[in-house]
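Analysis of the macromolecular model
Chain residues, written in single-letter form:
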Amino acid sequence: MDTESEDLLKEFVAESSESLGAIEQTLLTLETNGSSKDIDEIFRAIHSVKGAAGFFQLTGIERISHNAETLLEKIRSSEIPVTADIVDLLLRARDTLWNMLFEPDFGNDLDIDGLVRDLKHAWSGLSDTARKDTEQPVLDEKGFPPDDQDKKALPGNGKSENQPEEKKKACPALPQM
């Protein structure tokens with residue numbers, strides 16, 4: 001990695017950790033004293049982390065932040081109420097994102113599937129009973145909604161359905177990070 005890329009990555013870590021640190025207290029008071037302003041603040045922080053993680057192809061961080069952002073969007077639009085369970089889940093997502101920023105490989109070795117599944121179930125509105133009964137995943141294997149076609153073309157995700165047939169053969173998938 002060149003010096004410029006390393007500097008950008010360090011800036012990403014610094015800004016993301018600052019944003020995630022700033023929303024911790026807001027999350028802790030969200031259930032009892034939360035306002036739309038608080039939800040917007042949390043949403044913006046998670047959205048920024050997601051965007052930068054996508055730029056650096058940090059798939060794990062992007063998956064968690066994408067699903068947390070979707071949950072927050074549903075809260076903003078009053079489709080999902082703020083409950084103690086939702087706040088706990090958002091705190092888990094925030095804490096996991098924070099920890100991943102300081103892992104040597106940005107948490108690529110961490111098992112985040114349970115957290116991503118819980119976030120998906122929360123924003124999709126599946127009840128505990130429905131969660132146990134469902135056999136079809138709510139999202140694709142990368143943690144994105146099935147209609148989120150632009151994410152399927154990310155480098156390194158093994159998807160090549162958006163490429164012409166001749167490119168599929170000439171351009172092998174990048175290795176997973």
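Check the entry above for the structure.
Residues numbered from 1 in each chain as written. Predicted model: local features only at pLDDT ≥ 70, side-chain atom pairs only at ≥ 80, totals over all residues. Heavy atoms only, no water.

Moving on: the overall build of the protein chain. Counting its regular elements, the protein chain contains eight helices and zero strands. Ordered by position from the N terminus, the helices and strands of the protein chain form the series α-α-α-α-α-α-α-α. For the protein chain, with 177 residues in total, the buried portion stands at 38%. A separation threshold of at least 6 residues defines the contact pool for the protein chain, and within that pool the share at least 24 residues apart is 58%. When the accessible area of the protein chain is evaluated, it comes to approximately 10,200 Å², of which 49% is carbon and sulfur surface. (Helix = DSSP H or I, 4+ residues; strand = E, 2+ residues; numbered from the N terminus. Buried < 20%, exposed > 50% of the residue type's maximum accessible area, 1.4 Å probe, protein only. Contact = heavy atoms within 4.5 Å. Areas by Shrake-Rupley, 256 points an atom, 1.4 Å probe, with all protein chains shown as cover.)

A few words now on the pattern of salt bridges. In total, this model carries nine salt bridges according to the counting rule given. Residues lysine 74 and glutamate 79 are paired through a salt bridge, measuring 3.4 Å at the closest nitrogen-oxygen approach. As a salt-bridge pair, arginine 117 and aspartate 118 come within 3.6 Å of each other at their nearest N and O atoms. Accessibility expressed as a relative area gives 42% for arginine 117, which makes it partly exposed. Taken together, the shared-partner salt bridges in this structure form one network comprising Glu24, Arg94 and Asp95. (Salt bridge = Lys/Arg side-chain N within 4 Å of Asp/Glu carboxyl O.)

Note on placement: valine 82 falls in the loop between α3 (59–76) and α4 (84–101). In this structure, the C-alpha to C-alpha distance between valine 82 and glutamate 31, residues 51 residues apart in sequence, is 5.8 Å. The contacts of valine 82, once residues within four sequence positions are left out, are Leu30, Glu31, Ile39, Ile75 and Val87.

On to helix α2 (residues 36–55). Side chains of residues three or four places apart in an α-helix project in the same direction, reflecting 3.6 residues per turn. Taking 1.5 Å of rise per residue, the 20 residues of α2 would be expected to cover 28 Å, and the 28 Å separating its terminal C-alpha atoms lies within 8% of that figure. Structurally, α2 contributes buried residues whose contacts are with α1 (3–33), α3 and α4. Immediately downstream of α2, the backbone of glutamine 57 shows phi near 55 degrees, a positive value. (Expected span 1.5 Å × (residues − 1).)

Take α4 next. Its 18 residues place the ends of α4 26 Å apart at the C-alpha level, agreeing with the 26 Å of an ideal helix rising 1.5 Å per residue. At its buried positions, α4 is contacted by α1, α2, α3 and α5 (113–124).

Mapped onto the elements of the fold, serine 16 is located in helix α1. Exposure remark for serine 16: the relative accessible area of 5% places this residue in the buried category. Beyond its immediate stretch of four places on either side in the chain, serine 16 contacts Val49 and Leu101.

Moving on to the packing of aromatic side chains. Evaluated as defined, the whole model comprises three aromatic pairs. When the centroid spacing of 5.6 Å and the interplanar angle of 45 degrees are considered together, the rings of phenylalanine 12 and phenylalanine 56 count as tilted. One end of the pair, phenylalanine 12, is in helix α1; the other, phenylalanine 56, is in the loop between α2 and α3, with 44 residues separating them in the sequence. Pair check on accessibility: phenylalanine 12 and phenylalanine 56 agree, each one buried. An angle of 55 degrees between the planes, with centres 5.5 Å apart, marks the rings of tryptophan 98 and phenylalanine 102 as tilted. Here a set of aromatic residues connected by ring pairs shows up, and it is made of Phe12, Phe55 and Phe56. A cation over an aromatic ring shows up here: arginine 76 above the ring of phenylalanine 43, its NZ or CZ 4.1 Å from the ring centre. (Phe/Tyr/Trp six-rings, centres within 6.5 Å; stacked < 30°, edge-to-face > 60°. Lys NZ or Arg CZ within 6 Å of the ring centre and 35° of its normal.)

The next subject is the environment of isoleucine 61. Counting through the fold element by element, isoleucine 61 comes out in helix α3. Among residues more than four places away in sequence, those in contact with isoleucine 61 are Val49, Ala53, Leu97, Met100, Leu101 and Phe106.

Let us look at unusual backbone geometry. We note that glutamine 57 has phi near 55 degrees; this positive angle belongs to a residue other than glycine. Within the chain, serine 78 stands out as a residue other than glycine whose phi angle is a positive 65 degrees. One can find serine 78 in the loop between α3 and α4.

Nothing here speaks to function; it is all geometry.
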